[in-house]
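Listed below, chain by chain, are the residues.
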Amino acid sequence: MEFFKEIQSLKAFLSQKGNSISIGLVPTMGALHAGHLSLIEASKRENQLTVCSIFVNPAQFNNPKDLEKYPRTLNRDVEMLKNSGCDAVFAPDAKEMYESEPTIKFDFGELDKILEGKFRPGHFSGVALVVAKFFHIIKPTIAYFGQKDFQQFKIIERLVTELKFDLQLKSMPILREADGLAMSSRNMRLNETERKKATVFYQSLSEAKKLLNSGKKISQVRDIVKQKCESVDGIKLDYFELANVENLKPTESVTDKTILLIAGFVGEIRLIDNLLLNEN
Ligand code: AMP
(Lines give C-alpha, C1' and ligand atoms only; values in the text may rest on other atoms or scores of the structure.)
Protein backbone atom coordinates (compact mmCIF):
# COMPACT_ATOMS: atom_id res chain seq x y z
CA MET A 1 0.00 0.00 0.00
CA GLU A 2 1.27 3.47 -0.88
CA PHE A 3 1.19 6.31 1.65
CA PHE A 4 1.11 9.97 0.65
CA LYS A 5 1.16 13.17 2.64
CA GLU A 6 1.61 15.45 -0.35
CA ILE A 7 -0.80 16.29 -3.14
CA GLN A 8 1.93 16.31 -5.80
CA SER A 9 3.26 12.85 -4.97
CA LEU A 10 -0.26 11.38 -4.88
CA LYS A 11 -1.03 12.99 -8.25
CA ALA A 12 2.23 11.62 -9.73
CA PHE A 13 1.33 8.12 -8.51
CA LEU A 14 -2.18 8.37 -9.98
CA SER A 15 -1.00 9.74 -13.32
CA GLN A 16 1.48 6.84 -13.65
CA LYS A 17 -1.53 4.53 -13.48
CA GLY A 18 -2.98 6.17 -16.60
CA ASN A 19 -6.36 7.62 -17.48
CA SER A 20 -8.26 4.42 -18.14
CA ILE A 21 -8.02 3.00 -14.61
CA SER A 22 -11.11 3.21 -12.38
CA ILE A 23 -10.46 4.86 -9.02
CA GLY A 24 -12.61 4.43 -5.95
CA LEU A 25 -12.27 7.11 -3.26
CA VAL A 26 -13.22 6.69 0.39
CA PRO A 27 -12.89 10.02 2.23
CA THR A 28 -12.53 9.64 6.01
CA MET A 29 -11.32 11.50 9.06
CA GLY A 30 -9.48 8.43 10.31
CA ALA A 31 -9.92 6.60 13.64
CA LEU A 32 -11.16 3.86 11.38
CA HIS A 33 -13.70 1.17 12.25
CA ALA A 34 -15.54 -1.59 10.40
CA GLY A 35 -17.97 0.96 8.91
CA HIS A 36 -15.10 2.66 7.09
CA LEU A 37 -13.69 -0.69 6.02
CA SER A 38 -17.05 -1.64 4.47
CA LEU A 39 -16.64 1.37 2.16
CA ILE A 40 -13.10 0.23 1.26
CA GLU A 41 -14.44 -3.25 0.45
CA ALA A 42 -17.18 -1.80 -1.77
CA SER A 43 -14.61 0.30 -3.59
CA LYS A 44 -12.29 -2.66 -4.05
CA ARG A 45 -15.11 -4.72 -5.58
CA GLU A 46 -15.95 -2.01 -8.10
CA ASN A 47 -12.65 -0.30 -8.97
CA GLN A 48 -9.15 -1.13 -10.08
CA LEU A 49 -7.61 1.21 -7.53
CA THR A 50 -8.85 2.28 -4.10
CA VAL A 51 -7.69 5.46 -2.40
CA CYS A 52 -8.60 6.28 1.20
CA SER A 53 -8.11 9.80 2.46
CA ILE A 54 -7.54 10.43 6.14
CA PHE A 55 -7.92 14.07 7.07
CA VAL A 56 -9.43 15.67 10.13
CA ASN A 57 -10.75 18.68 8.27
CA PRO A 58 -10.58 21.83 10.45
CA ALA A 59 -12.97 23.67 8.12
CA GLN A 60 -15.90 21.44 9.05
CA PHE A 61 -15.59 21.76 12.83
CA ASN A 62 -17.76 24.47 14.29
CA ASN A 63 -16.55 23.56 17.78
CA PRO A 64 -12.77 23.96 18.40
CA LYS A 65 -12.85 21.53 21.35
CA ASP A 66 -14.44 18.86 19.15
CA LEU A 67 -11.63 19.34 16.61
CA GLU A 68 -8.95 19.15 19.28
CA LYS A 69 -10.42 16.02 20.86
CA TYR A 70 -11.26 14.22 17.62
CA PRO A 71 -9.56 10.78 17.84
CA ARG A 72 -6.40 10.43 15.77
CA THR A 73 -4.99 6.92 15.33
CA LEU A 74 -2.99 7.16 12.09
CA ASN A 75 -0.61 4.22 12.63
CA ARG A 76 -3.45 1.88 13.49
CA ASP A 77 -5.52 3.20 10.57
CA VAL A 78 -2.69 2.52 8.13
CA GLU A 79 -2.37 -1.07 9.42
CA MET A 80 -6.13 -1.60 9.04
CA LEU A 81 -6.07 -0.23 5.51
CA LYS A 82 -3.09 -2.41 4.56
CA ASN A 83 -4.98 -5.47 5.80
CA SER A 84 -8.11 -4.46 3.93
CA GLY A 85 -6.24 -4.32 0.62
CA CYS A 86 -6.55 -0.56 0.11
CA ASP A 87 -4.07 0.61 -2.56
CA ALA A 88 -3.22 4.12 -1.42
CA VAL A 89 -3.70 6.35 1.61
CA PHE A 90 -3.71 10.12 1.37
CA ALA A 91 -3.12 11.67 4.79
CA PRO A 92 -2.20 15.33 4.26
CA ASP A 93 -1.69 17.78 7.09
CA ALA A 94 -3.84 20.90 7.35
CA LYS A 95 -1.22 23.13 5.63
CA GLU A 96 -1.15 20.85 2.60
CA MET A 97 -4.91 21.17 2.13
CA TYR A 98 -5.25 24.83 3.18
CA GLU A 99 -2.30 27.05 2.33
CA SER A 100 -4.18 29.89 3.95
CA GLU A 101 -7.49 30.36 5.75
CA PRO A 102 -10.13 29.34 3.15
CA THR A 103 -12.35 32.16 1.93
CA ILE A 104 -14.71 30.10 -0.23
CA LYS A 105 -18.04 29.36 1.40
CA PHE A 106 -20.75 27.08 0.09
CA ASP A 107 -24.42 27.76 0.53
CA PHE A 108 -26.77 24.88 -0.19
CA GLY A 109 -29.95 26.83 0.52
CA GLU A 110 -32.42 25.09 2.80
CA LEU A 111 -30.43 21.83 2.74
CA ASP A 112 -27.60 23.12 4.93
CA LYS A 113 -29.82 25.08 7.32
CA ILE A 114 -31.83 22.13 8.64
CA LEU A 115 -30.97 19.17 10.91
CA GLU A 116 -27.15 19.05 11.35
CA GLY A 117 -26.81 22.41 9.59
CA LYS A 118 -28.96 24.09 12.20
CA PHE A 119 -26.86 22.77 15.07
CA ARG A 120 -23.46 23.00 13.33
CA PRO A 121 -23.32 26.28 11.39
CA GLY A 122 -20.67 26.23 8.65
CA HIS A 123 -20.18 22.47 8.96
CA PHE A 124 -21.44 21.52 5.51
CA SER A 125 -19.59 24.36 3.81
CA GLY A 126 -16.38 22.91 5.27
CA VAL A 127 -17.33 19.38 4.24
CA ALA A 128 -18.13 20.48 0.67
CA LEU A 129 -14.88 22.41 0.42
CA VAL A 130 -12.64 19.52 1.41
CA VAL A 131 -14.57 16.95 -0.63
CA ALA A 132 -14.39 19.21 -3.71
CA LYS A 133 -10.61 19.43 -3.18
CA PHE A 134 -10.31 15.65 -2.94
CA PHE A 135 -12.38 15.23 -6.10
CA HIS A 136 -10.11 17.66 -7.98
CA ILE A 137 -6.91 16.05 -6.74
CA ILE A 138 -7.89 12.37 -7.02
CA LYS A 139 -10.48 12.45 -9.84
CA PRO A 140 -12.27 9.34 -8.61
CA THR A 141 -14.57 7.26 -10.80
CA ILE A 142 -16.75 6.46 -7.78
CA ALA A 143 -16.72 8.07 -4.32
CA TYR A 144 -18.11 6.14 -1.37
CA PHE A 145 -19.94 7.56 1.64
CA GLY A 146 -21.90 6.08 4.53
CA GLN A 147 -25.63 6.47 5.06
CA LYS A 148 -24.87 7.36 8.67
CA ASP A 149 -24.07 10.90 7.51
CA PHE A 150 -27.23 11.06 5.46
CA GLN A 151 -27.45 14.83 5.14
CA GLN A 152 -23.78 14.98 4.18
CA PHE A 153 -24.49 12.62 1.29
CA LYS A 154 -27.31 14.87 0.07
CA ILE A 155 -24.97 17.87 0.27
CA ILE A 156 -22.32 16.06 -1.76
CA GLU A 157 -24.90 15.01 -4.33
CA ARG A 158 -25.73 18.70 -4.82
CA LEU A 159 -22.05 19.61 -4.95
CA VAL A 160 -21.43 17.05 -7.70
CA THR A 161 -24.49 18.12 -9.68
CA GLU A 162 -23.86 21.85 -9.41
CA LEU A 163 -20.11 21.74 -10.03
CA LYS A 164 -20.51 19.02 -12.68
CA PHE A 165 -17.96 16.65 -11.23
CA ASP A 166 -17.66 13.70 -13.57
CA LEU A 167 -18.02 10.90 -11.05
CA GLN A 168 -20.49 8.58 -9.43
CA LEU A 169 -21.52 8.67 -5.76
CA LYS A 170 -22.47 5.69 -3.68
CA SER A 171 -24.12 5.65 -0.27
CA MET A 172 -23.47 2.50 1.76
CA PRO A 173 -25.46 1.02 4.68
CA ILE A 174 -24.74 1.89 8.32
CA LEU A 175 -22.65 -0.67 10.17
CA ARG A 176 -23.71 -1.11 13.79
CA GLU A 177 -22.35 -2.64 16.96
CA ALA A 178 -24.14 -5.74 18.31
CA ASP A 179 -26.40 -3.56 20.51
CA GLY A 180 -27.40 -1.33 17.59
CA LEU A 181 -25.12 1.66 18.21
CA ALA A 182 -24.00 3.07 14.86
CA MET A 183 -20.24 2.67 14.51
CA SER A 184 -18.52 6.03 14.76
CA SER A 185 -15.00 7.28 15.44
CA ARG A 186 -16.48 9.41 18.20
CA ASN A 187 -17.59 6.25 20.06
CA MET A 188 -13.92 5.84 21.06
CA ARG A 189 -14.35 8.88 23.28
CA LEU A 190 -17.19 7.34 25.30
CA ASN A 191 -16.40 5.85 28.69
CA GLU A 192 -18.02 2.56 29.68
CA THR A 193 -21.15 4.11 31.20
CA GLU A 194 -21.59 6.56 28.32
CA ARG A 195 -21.09 3.75 25.82
CA LYS A 196 -24.07 1.90 27.33
CA LYS A 197 -26.22 5.03 27.38
CA ALA A 198 -25.37 5.82 23.74
CA THR A 199 -27.63 3.00 22.53
CA VAL A 200 -30.64 5.17 23.45
CA PHE A 201 -30.47 6.89 20.06
CA TYR A 202 -30.77 3.70 18.02
CA GLN A 203 -33.34 2.31 20.44
CA SER A 204 -35.40 5.48 20.04
CA LEU A 205 -35.23 5.27 16.25
CA SER A 206 -36.24 1.60 16.29
CA GLU A 207 -39.11 2.18 18.67
CA ALA A 208 -40.29 5.23 16.69
CA LYS A 209 -40.20 3.22 13.49
CA LYS A 210 -42.25 0.41 15.01
CA LEU A 211 -44.82 2.83 16.43
CA LEU A 212 -45.12 4.87 13.23
CA ASN A 213 -45.48 1.75 11.11
CA SER A 214 -48.27 0.59 13.39
CA GLY A 215 -50.13 3.87 12.94
CA LYS A 216 -49.21 5.88 16.06
CA LYS A 217 -49.54 9.65 15.65
CA ILE A 218 -46.29 11.47 14.84
CA SER A 219 -46.77 13.98 17.67
CA GLN A 220 -47.08 11.13 20.19
CA VAL A 221 -44.01 9.40 18.78
CA ARG A 222 -42.03 12.63 19.10
CA ASP A 223 -43.01 12.85 22.77
CA ILE A 224 -42.07 9.22 23.39
CA VAL A 225 -38.61 9.70 21.82
CA LYS A 226 -38.03 12.89 23.75
CA GLN A 227 -39.02 11.25 27.02
CA LYS A 228 -36.97 8.15 26.31
CA CYS A 229 -33.84 10.22 25.69
CA GLU A 230 -34.42 12.66 28.52
CA SER A 231 -34.95 9.84 31.00
CA VAL A 232 -31.29 8.84 30.59
CA ASP A 233 -28.95 10.90 32.71
CA GLY A 234 -26.32 12.66 30.56
CA ILE A 235 -28.26 12.40 27.28
CA LYS A 236 -29.22 15.64 25.54
CA LEU A 237 -31.40 15.33 22.47
CA ASP A 238 -30.63 17.90 19.73
CA TYR A 239 -33.33 16.70 17.35
CA PHE A 240 -35.53 13.83 16.30
CA GLU A 241 -37.01 14.52 12.86
CA LEU A 242 -38.94 12.86 10.08
CA ALA A 243 -37.88 13.82 6.58
CA ASN A 244 -38.40 12.89 2.96
CA VAL A 245 -35.54 10.64 1.93
CA GLU A 246 -35.22 12.27 -1.52
CA ASN A 247 -34.79 15.91 -0.49
CA LEU A 248 -34.59 15.80 3.33
CA LYS A 249 -37.54 18.19 3.61
CA PRO A 250 -39.24 17.79 7.00
CA THR A 251 -42.39 15.75 6.67
CA GLU A 252 -45.39 15.05 8.84
CA SER A 253 -46.47 12.04 6.84
CA VAL A 254 -45.36 8.46 7.13
CA THR A 255 -44.55 6.83 3.80
CA ASP A 256 -41.95 4.38 2.52
CA LYS A 257 -39.89 7.47 1.64
CA THR A 258 -39.69 8.68 5.23
CA ILE A 259 -36.37 8.73 7.06
CA LEU A 260 -36.01 9.22 10.82
CA LEU A 261 -32.99 11.23 11.92
CA ILE A 262 -31.68 11.76 15.42
CA ALA A 263 -28.78 13.62 17.00
CA GLY A 264 -27.71 14.40 20.51
CA PHE A 265 -25.06 14.35 23.17
CA VAL A 266 -23.88 11.60 25.45
CA GLY A 267 -21.99 13.67 27.98
CA GLU A 268 -19.71 15.81 25.79
CA ILE A 269 -19.83 13.53 22.76
CA ARG A 270 -22.26 14.34 19.97
CA LEU A 271 -23.64 11.39 18.01
CA ILE A 272 -25.98 11.08 15.02
CA ASP A 273 -27.99 8.21 13.59
CA ASN A 274 -30.85 7.56 11.18
CA LEU A 275 -33.23 4.86 10.06
CA LEU A 276 -35.32 4.49 6.93
CA LEU A 277 -38.91 3.58 7.70
CA ASN A 278 -38.95 0.93 4.98
CA GLU A 279 -35.60 -0.56 6.05
CA ASN A 280 -35.55 -4.03 7.66
P1 AMP B 1 -15.85 9.93 9.05
O2 AMP B 1 -14.46 9.40 9.17
O3 AMP B 1 -16.65 9.82 10.29
O4 AMP B 1 -15.88 11.28 8.38
O5 AMP B 1 -16.57 8.95 8.03
C6 AMP B 1 -16.04 8.67 6.76
C7 AMP B 1 -17.08 7.96 5.95
O8 AMP B 1 -17.43 6.74 6.59
C9 AMP B 1 -18.37 8.78 5.80
O10 AMP B 1 -18.86 8.65 4.49
C11 AMP B 1 -19.27 8.13 6.80
O12 AMP B 1 -20.64 8.27 6.49
C13 AMP B 1 -18.84 6.67 6.73
N14 AMP B 1 -19.21 5.98 7.96
C15 AMP B 1 -19.05 6.45 9.21
N16 AMP B 1 -19.60 5.59 10.09
C17 AMP B 1 -20.12 4.57 9.37
C18 AMP B 1 -20.83 3.37 9.70
N19 AMP B 1 -21.14 3.07 10.96
N20 AMP B 1 -21.21 2.55 8.70
C21 AMP B 1 -20.93 2.88 7.41
N22 AMP B 1 -20.27 3.98 7.03
C23 AMP B 1 -19.87 4.82 8.00
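Anyway, here's the lowdown on the structure attached to this text. (Residues numbered from 1 in each chain as written. Predicted model: local features only at pLDDT ≥ 70, side-chain atom pairs only at ≥ 80, totals over all residues. Heavy atoms only, no water.)

Residues in close proximity to the ligand total 17 residues, the closest being Met29, Gly146, Asp149, Leu175 and Met183. A distance of 2.6 Å is found between an oxygen atom of the ligand and a side-chain nitrogen or oxygen belonging to Asp149. Leu175 places a main-chain nitrogen or oxygen 2.9 Å from a nitrogen atom of the ligand. For the ligand, whose free accessible area comes to 490 Å², the fraction covered by protein is 94%. Elements supplying a minimum of two residues to the shell around the ligand: strand E2 (23–28), helix H2 (34–46) and strand E5 (142–146). Broken down by element, the residue count for the shell around the ligand peaks at three residues, all from H2. A per-class count over the shell around the ligand returns nine nonpolar, six polar and two charged. (Near = heavy atom within 4 Å. Polar contact = N/O pair within 3.5 Å; in protein donor to acceptor, adjacent residues only side chain to side chain. Areas by Shrake-Rupley, 256 points an atom, 1.4 Å probe, with all protein chains shown as cover. Helix = DSSP H or I, 4+ residues; strand = E, 2+ residues; numbered from the N terminus. Nonpolar A, V, L, I, M, F, W, Y, C, P; charged D, E, K, R; others polar.)

If you roll a probe as big as a water molecule over the atoms, it shows you where there is empty space left. All chains considered together, the criterion is met by one cavity of 30 Å³ or more. Surrounding the largest cavity, Lys148, Leu181, Ala182, Met183, Ser184, Asn187, Ala198, Phe201, Tyr202, Leu271, Ile272 and Asp273 form its lining. Residue assignment for the lining of the largest cavity shows that the elements contributing at least two residues are helix H10 (200–213) and strand E9 (269–276). By residue number, the principal contributor to the lining of the largest cavity is E9, which donates three residues. Partitioning the lining of the largest cavity into residue classes produces eight nonpolar, two polar and two charged. (1 Å grid on protein atoms, 1.4 Å probe; cavity = no way out; pocket = protein on both sides within 12 Å on 5 of 7 lines; lining within 4 Å. Points joined across faces, edges and corners; volume = space filled by probe spheres on them.)

The terminal C-alpha atoms of H2, which comprises 13 residues, lie 19 Å apart, in line with the 18 Å expected from a rise of 1.5 Å per residue. Within the sequence span of H2, burial applies to Gly35, His36, Leu37, Ser38, Leu39, Ile40, Ala42 and Ser43. On its buried face, H2 is in contact with E2, strand E3 (49–54), helix H4 (74–84), E5 and strand E6 (168–172). (Expected span 1.5 Å × (residues − 1). Buried < 20%, exposed > 50% of the residue type's maximum accessible area, 1.4 Å probe, protein only. Contact = heavy atoms within 4.5 Å.)

Moving on, we get to the environment of Ser20. Residue position: Ser20 is located in the loop between helix H1 (7–16) and E2. Classification of Ser20 as exposed rests on a relative accessible area of 72%. In the structure, Ser20 is positioned 28 residues away from Gln48 in sequence and 9.8 Å away in space, judged by C-alpha atoms.

Strands pair in a sheet through their backbones, by hydrogen bonds, and they do so in one of two ways: parallel or antiparallel. Here three strands make up an open sheet; going across it, the order is E7-E8-E9 and the pairing antiparallel. Single-partner strands in this sheet number two, and they are strand E7 (235–244) and E9. Taken pair by pair, the neighbouring strands of this sheet meet at an average axis angle of 15°, ignoring direction. Bridge count for strand E8 (residues 258–266) against E9 is eight bridges, and the pairing is antiparallel. Bridge pairing in E9 links Val266 to Ile269. Along the sheet, H10 makes contact with E7, E8 and E9, crossing E8 at roughly 150°. (Pairing = 2+ DSSP bridges. Axes fitted to C-alpha atoms, helices over the stretch in contact; angles between N-to-C directions.)

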